[in-house]
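Topology and contacts: notes
Spelled out from the first residue to the last, the chains are:
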Amino acid sequence: MWKAVVTAAVALALLLCQSSSLDNGLARTPPMGWLAWERFRCNVDCVDDPYNCISEHLFMQMADRLAEDGWKDAGYDHITIDDCWMSMERDDQGNLYANKTRFPNGIKKLADYVHSKGLKLGIYLDFGTHTCGGYPGSIKYLQQDAETIAGWGIDLLKMDGCYANVSDMSWGYPDMEQYMNKTGRPILFSCSWPAYAGGIKVDYSSLEKHCNMWRNYDDIQDSWDSVTGIIDWYGDNQNILAPAAGPGHWNDPDMLIVGDYSLSYEESKAQMAMWAILAAPLFMSNDLRSISAEARSILMNKEVIRISQDSLGMQGRRIIKGEDKIEVWTREIESPFLPSYAIAFLNRRADGEPYNYTVTLGDLNLFQYMGYAIEDVFTGYEYGHYDLYRELTVSIAPNGVVLLYAYPSK
Ligand SMILES: *[C@@H]1O[C@H](CO)[C@@H](O)[C@H](O)[C@H]1NC(C)=O
Ligand SMILES: *[C@@H]1O[C@H](CO)[C@@H](O)[C@H](O)[C@H]1NC(C)=O
Ligand SMILES: *[C@@H]1O[C@H](CO)[C@@H](O)[C@H](O)[C@H]1NC(C)=O
Ligand SMILES: *[C@@H]1O[C@H](CO)[C@@H](O)[C@H](O)[C@H]1NC(C)=O
């Protein structure tokens, strides 16, 4: 009897869930790929810096790397253009077109190339009068621009919010979603709306209806301070943010900077682990032509990606934030009978050696009385069986993380 009730409740929850979120079939797990902005910015100097400037050449090279170096097979299947791709003016019919010096073959050809590699192409527009870089904005051209990008074969749209009033976004982003829907082409919609509206002062139920992912907070920069500032903000606002995430609709703490200049090995593992715990989209912004083997091994870690891509789609939460500068986060993971968990211990200390931290699973709100088997996700080390009261000690490197997987076991 209770089983029938539970089944009915689950069916009802699924029904409610389906009717209230964007139904374009996309982003059932957090999207993955590569995005130009953090690493390549608005570098339009193809005369002095042809190798790194925003051009079709750059995107074709990155598409080659994604397809040929195993990234696509690991799940990184989107390549996304950011700002500064457009010509400074629209054409006589008001259509957007790419800068002809830097994209001589146009975006449609680039999309064909990207598709021929089995990848998907994303592009950038801005809802306001101009893009952040001063290129043409879409506010008076939403339908026309939706048709343009669909005609090119675009698969993802990142729509920024510079030079716009926040009050206009509550109709503008939904309108854009409707216009894209009318084109008949499923286009993953990444909205910057909440980032401009103060992050938490938005109607998240409306966002879920119209966007597949959304930037909530500041742009990431190439620094550990930036990474931890983002983690703090997601922890501090988790009661609003975590319930908004789920299959088809995700909070986006911005790009992975693993493989860039600033993060150490431990910090890189920490960003990757925390983005997996947060059920975050995984868009790398780095140079895949010269990335180190070490950074690659972190970004390609199958077990961490498996946590990121878990089908329940539950965003993890910060359970402990201690005076000792150790944080513990948990994320529930799909498993056949009873819930499993990913557990991240994040060390915010900078003292010289790994910090030994002791906790019980009961302290972390894991309640399966028979206990859990515990494994280290990065090293594969098996800690053994822990009931809810047995003390577990992990040794966490400075600015580092220990990521565990706990599954119910006798
Ligand atoms: C458009 O929206 C309808 C209703 O939500 C949905 O069934 C359909 O799949 C959507 N089409 C595209 C191309 O997103
Ligand atoms: C195209 O970009 C170059 C810089 O690479 C710039 O000098 C030129 O003015 C741009 N062309 C248009 C039409 O915007
Ligand atoms: C924002 O709203 C004000 C007042 O309605 C208007 O004057 C201004 O042009 C708007 N700005 C943009 C970028 O739409
Ligand atoms: C932490 O634990 C490890 C492994 O048990 C041990 O080798 C190390 O000495 C401990 N470190 C401190 C600072 O107690």
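That block above? That's the structure.
My aim in this report is to walk through the structure given alongside it, one point at a time. As the structure is a prediction and not an experimental result, all values here were calculated from the model.

**Focus: the sheet that holds strand S9 (residues 317-321)**
Read from one edge of the open sheet, 6 strands run S9-S10-S11-S16-S13-S14, paired in antiparallel fashion. Because the sheet does not close on itself, it has two edges, and the strands there are S9 and strand S14 (382-386). Between one strand and the next, the sheet's axes are offset by a mean angle of 25 degrees, whatever the strand orientation. Bridge count between strand S11 (residues 340-347) and strand S16 (residues 401-408): 6 bridges; the pairing is antiparallel. Bridging from a neighbouring strand, Tyr-341 pairs with Ala-406 of S16.

**Quick word on unusual backbone geometry**
Positive phi outside glycine occurs at Ala-27, with the angle close to 55 degrees. Summarising the element assignment, Ala-27 is placed in the loop between helix H1 (2-20) and strand S1 (32-35). Judged by its relative accessible area of 11%, Ala-27 is buried. Non-glycine residue Arg-41 carries a positive phi angle of around 50 degrees. Among the secondary structure elements, Arg-41 is positioned in the loop between helix H2 (37-40) and helix H3 (56-68).

**Some remarks on the state of the cysteines**
Throughout this description, disulfide means a covalent bond between two cysteine sulfur atoms. Enumeration over the complete set of coordinates arrives at 4 disulfides. One disulfide bridge connects Cys-46 with Cys-53, the sulfur atoms lying 2.0 Å from each other. With the S-S bond torsion at 105 degrees, the cross-link from Cys-46 to Cys-53 turns out right-handed. Here Cys-132 engages in a disulfide with Cys-162; their sulfurs sit 2.0 Å apart. On the sign convention where negative means left-handed, the S-S torsion of about 100 degrees between Cys-132 and Cys-162 marks this disulfide as right-handed. Here Cys-132, found in the loop between strand S3 (120-126) and helix H6 (142-152), pairs with Cys-162, found in the loop between strand S4 (156-160) and helix H7 (166-183); they are 30 residues apart in sequence, far enough to count as distant. Residue class for Cys-132 comes out partly exposed when judged on its relative accessible area of 34%. We classify Cys-162 as buried; its relative accessible area is 17%. Numbered by position along the chain, the disulfide-linked cysteines of the chain connect as 1-4, 2-3, 5-6, 7-8.

What counts and what doesn't
Residues numbered from 1 in each chain as written. Chains lettered and ligands numbered in written order. Predicted model: local features only at pLDDT ≥ 70, side-chain atom pairs only at ≥ 80, totals over all residues. Heavy atoms only, no water. Pairing = 2+ DSSP bridges. Helix = DSSP H or I, 4+ residues; strand = E, 2+ residues; numbered from the N terminus. Axes fitted to C-alpha atoms, helices over the stretch in contact; angles between N-to-C directions. Buried < 20%, exposed > 50% of the residue type's maximum accessible area, 1.4 Å probe, protein only. Disulfide = S-S within 2.5 Å.

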